[in-house]
Amino acid sequence: MAVRKHVLVFAYLAAVVPALLMAVAQPVWSVIDEAQHFDFIVQLGHGVYPTGDETLISADTLQVMRSTGVFRAFYLPGTYPLPDLSDISPPPPSMSARANAAWMLRHMWQLSHESVQTPGYYLSMVPLWWAADKLGGPWAAIYALRVANALILAALAPMAIVVARALAPARPEVAVVAAVFAILLPGLDLNGTRVSNDALAAAIGGVIVLLAVRWAGGWTWRRAALMGVILGLGLMVKLTLGGLIPALVLSAVWPAATSRLTNLVRVALSGAIAVLCLSPWFFLNLQKYGGVMPGVHSGRLSDALPGPLTPAFIPLDVAVFHLTYWTGEPWGALPLAGVMVVLGGLIALMAIAGVVSVLRSRALPVPHGPLAIAVVALAGLIAVSLLLPATVGFEFEGPGRYAYPALPAAATLCAIGVVVVLNSAFARRALVGVYAVLSAAMLVGGAAGLPAPQDAGARTPPALAKTVDVSASGQLEGVTITVDRVALDKDAKATWFEVSVTNLGADEAEWTVPPAVSDGEVGATGQYLKSTQLPGDIDPGQTLKGWLYVPLDPSQLHAGRTLQLTFRDVATDGYRTVGDIIITIPVDGQLSV
């Protein structure tokens, strides 16, 4: 028993190392809404419970934003215009859906919008924030919260070993492989150690999975009450843990001496206790939002328009989940991410094959009850991630981090797959060794600043580019955009557009600086990073002038076609008018290379 406990302690300590590495080394802010998660804690620490679509971020959060240049979620610094920090205000009232999406894209960073989530994590971190902030200010508080998340996150590794021992007690190598998959998961360490509720949700979810597996067919009233409290606390941290409920039901009704009806009542008791734990949040929402959920206030926090389900969305949703589960968000933040995606896909396929083989042929002595519960727990959270976009009109794809609470199950199922599919011990060791080395290289490389940031270049066309004078323009409510010249940069396979933007209206206007360009057959979207750094807002009477870079290969432009430049969501009159400015340029002999 002492040896088994020492193994769990060792696994925890081993998992702490990569987690702490990412907690300390990844840039502030993480563009996955870290600023707004931090701000929710700060607001609570100042005695304010923010309203998601109204309350402005605190001075502490804004101070760090100024230092880092990170404002928009999911957009790296330099890839969008810096906001006007002298003009920070709540969103205009009564905007259209399109105007709201455009405003949120440009200004949602101003709002403490993570406050629409359940507050369990944020309330629990207020004392740590207060102490660290007193000692060293906002930066010290950020790193203290990150370190706390790393220490919490590392608990998933020993949980994975316990679940592996429950599923394959006669095959200790399953526990070893599961430990490796849990200790070294680059996406988990990257996304779980930023300031957010993901780490605590993952740890509580891991406890729920572990208990559900161990209690299969053995629920008692006391266990049901305890599970209700744990589930309720978990839901107060992150509502997506509701995806574990089917696994709890299966664990309770798995054949046992007690009747299934009795066990169904027991799991219903767990649910009732969980709802009771959520009741303070429901009452708070009634007061702040007029309903038990944030409702339309939460729906307003979207920078995209809802749309229908299309056939292309389904494989994209699955692909994004897979990519981000193994490598984290944003995609490409860690080096060698593409290699890990391929290896992770192979391991996932082995997991599926291994589970099917165990169920069909008893390839491993695995108890079917705990195995089924582990599968349902993981499937439930995958379903939550993949189906959640449907609740907001498919405005985003499901991230893999929503499945991290089922990591003890996921790591064990992957380990079972490796052990079943690879009969050779050498092959198993080789695969696990490659995975461990690759994961470590990704984490160390990420800590060292790899991959290197994209080079912005000179932000003007090179001298050798062919430059053509043109005269084409479009306008919307006093805002006129004119294309004065086009530069064809065949070496960089890019096309540059020199524009003049004038606002003759009475109010400030805002525009999307890089256009989308198409000739009907080929198209590309401009890159702000490589363009003249024009502001996104234009004062009345102001004129802006600069070059816009578009990765459109000039060799693909042919005479007889028409280039169409679309500057999307130009906003005037305080967002009462939002529309596109479209400029057409005929392609003649001069505009072809």
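Values in this document were obtained by computation on a predicted structure and should not be read as measured data.

Rules used in this analysis
Residues numbered from 1 in each chain as written. Predicted model: local features only at pLDDT ≥ 70, side-chain atom pairs only at ≥ 80, totals over all residues. Heavy atoms only, no water. 1 Å grid on protein atoms, 1.4 Å probe; cavity = no way out; pocket = protein on both sides within 12 Å on 5 of 7 lines; lining within 4 Å. Points joined across faces, edges and corners; volume = space filled by probe spheres on them. Helix = DSSP H or I, 4+ residues; strand = E, 2+ residues; numbered from the N terminus. Expected span 1.5 Å × (residues − 1). Buried < 20%, exposed > 50% of the residue type's maximum accessible area, 1.4 Å probe, protein only. Contact = heavy atoms within 4.5 Å. Pairing = 2+ DSSP bridges. Axes fitted to C-alpha atoms, helices over the stretch in contact; angles between N-to-C directions. Core = buried A, V, L, I, M, F, W, Y, C linked by side-chain atoms within 4.5 Å. Patch = residues over 30% accessible without salt bridge, like charges linked within 9 Å, V, L, I, M, F, W, Y side chains within 5 Å. Areas by Shrake-Rupley, 256 points an atom, 1.4 Å probe, with all protein chains shown as cover. Salt bridge = Lys/Arg side-chain N within 4 Å of Asp/Glu carboxyl O. Nonpolar A, V, L, I, M, F, W, Y, C, P; charged D, E, K, R; others polar. Phe/Tyr/Trp six-rings, centres within 6.5 Å; stacked < 30°, edge-to-face > 60°. Lys NZ or Arg CZ within 6 Å of the ring centre and 35° of its normal.

*Asks:* How would you summarise empty space enclosed by the protein if you had to cite specific residues and measurements?
*Replies:* Throughout the structure, instances matching the rule amount to four cavities of 30 Å³ or more. Estimated volume of the largest cavity: approximately 200 Å³. As for the largest cavity, its lining consists of 16 residues, of which Pro83, Asp84, Arg106, His107 and Glu510 are closest to the centre.

*Asks:* Explain helix α2 (residues 34–45) to me, and be specific about the residues and the numbers.
*Replies:* Between the first and last C-alpha of α2 there are 17 Å, a value that for 12 residues agrees with the 16 Å anticipated at 1.5 Å per step. Within α2, 11 of the 12 residues are buried, leaving the element largely enclosed by the surrounding structure. In this structure, the buried side of α2 is in contact with α3 (59–68) and α5 (120–153). Looking one or two residues past α2, Gly47 carries a phi angle of roughly 80°, positive in sign.

*Asks:* Describe in detail the sheet that holds strand β2 (residues 479–489), supporting the description with residues and values.
*Replies:* Overall, antiparallel pairing links the four strands, which are arranged β1-β2-β3-β8 in an open sheet. Only two strands of the sheet have a single partner each, and these edge strands are β1 (466–476) and β8 (543–550). Along the sheet, successive strands turn relative to each other by an average axial angle of 20°, direction set aside.

*Asks:* How would you explain the pairing of strand β10 (residues 577–586) if you had to name every residue and give the values?
*Replies:* Here strand β9 (residues 562–572) pairs with β10 via nine bridges, running antiparallel. Bridging from a neighbouring strand, Val570 pairs with Gly579 of β10. Between the end of β9 and the start of β10, which pair antiparallel, lie four residues, with Asp573 showing a positive phi angle near 55°.

*Asks:* Talk me through the pairing of strand β3 (residues 494–503); I want residue IDs and the actual numbers.
*Replies:* Both faces of the sheet carry side chains from a regular strand, because those side chains alternate between them. Summarising burial for β3: nine of the 10 residues are buried, a large majority. Here β2 runs beside β3; their pairing, made up of 10 bridges, is antiparallel. Residue pairing in the sheet places Thr480 in a bridge with Thr502 of β3. Connecting the antiparallel pair β2 and β3 is a turn made up of four residues, with Lys493 showing a positive phi of about 50°. Bridging between β3 and β8 involves eight bridges; their strand directions are antiparallel. Paired with Ser500 across the two strands is Lys545, which belongs to β8.

*Asks:* Account for the nonpolar core, naming residues and giving values.
*Replies:* Ranked by internal contacts, the top residues of the largest apolar core, which has 127 residues, are Trp29, Phe38, Ile41, Leu167 and Tyr435. In this structure Phe38 touches Trp29, Thr61, Trp129, Pro138, Ala141, Ile142, Leu145 and Val195, once residues within four positions along its chain are discounted. Among the nonpolar cores identified, the runner-up in size contains 34 residues, and Val468, Ala472, Val513 and Ile581 belong to it.

*Asks:* Quick rundown of a nonpolar patch on the surface? Include the residues and the values.
*Replies:* A cluster of nonpolar side chains, namely Leu239, Phe283, Leu286, Val292 and Met293, defines an oily patch on the protein surface of about 460 Å² accessible area. The residue Leu239 is located in the loop between α10 (221–237) and α11 (245–253) in this model.

*Asks:* Hey, could you go over helix α7 (residues 172–183) for me, with residue numbers and the actual values?
*Replies:* Here α7 contains 12 residues, and its C-alpha end-to-end distance of 17 Å stays within 8% of the 16 Å for a straight helix at 1.5 Å per residue. In terms of residue burial, α7 counts as a mostly covered element, since nine of its 12 residues are buried. Along α7, the residues classified as buried are Val174, Ala175, Val177, Ala178, Ala179, Val180, Phe181, Ala182 and Ile183.

*Asks:* How would you sum up the layout of surface pockets? Please name residues and give values.
*Replies:* Any empty space left between the atoms is revealed when a probe the size of a water molecule rolls over them. Quantified by volume, the second largest pocket comes out at close to 500 Å³. In terms of lining, the second largest pocket is formed by 20 residues, of which the most central are Phe321, Ala348, Ile352, Leu378 and Ile382. Every element with two or more residues in the lining of the second largest pocket is listed here: α14 (313–327), α15 (337–361), α16 (368–387) and α17 (407–421). No other element matches the six residues that α15 contributes to the lining of the second largest pocket. Split by residue class, the lining of the second largest pocket holds 19 nonpolar, one polar and no charged.

*Asks:* Please set out the packing of aromatic side chains residue by residue, giving values where relevant.
*Replies:* Per the stated rule, a full pass over the model turns up 16 aromatic pairs. Look at Phe40 and Tyr49: their rings are 5.6 Å apart centre to centre, the planes differ by 90°, and that puts the pair in the edge-to-face class. For Tyr49, a relative accessible area of 21% gives the class partly exposed. Seen from their ring centres, Trp496 and Tyr549 are 5.1 Å apart, and the 75° between their planes marks the pair as edge-to-face. Separated by 53 residues along the polypeptide, Trp496 in strand β3 and Tyr549 in strand β8 bring together distant segments of the chain. The pair formed by Trp496 and Tyr549 is uniform in burial state, with each residue classed as buried. Here the aromatic residues Phe181, Phe321, Tyr325, Trp326, Tyr404 and Tyr435 are joined through ring pairs into a cluster of three or more. The positively charged end of Arg72 is found above the aromatic ring belonging to Tyr75, 5.6 Å away from the centroid. Sitting above the plane of the Trp221 ring, Arg266 keeps its charged end 5.0 Å from the centroid.

By themselves these figures say nothing about function.
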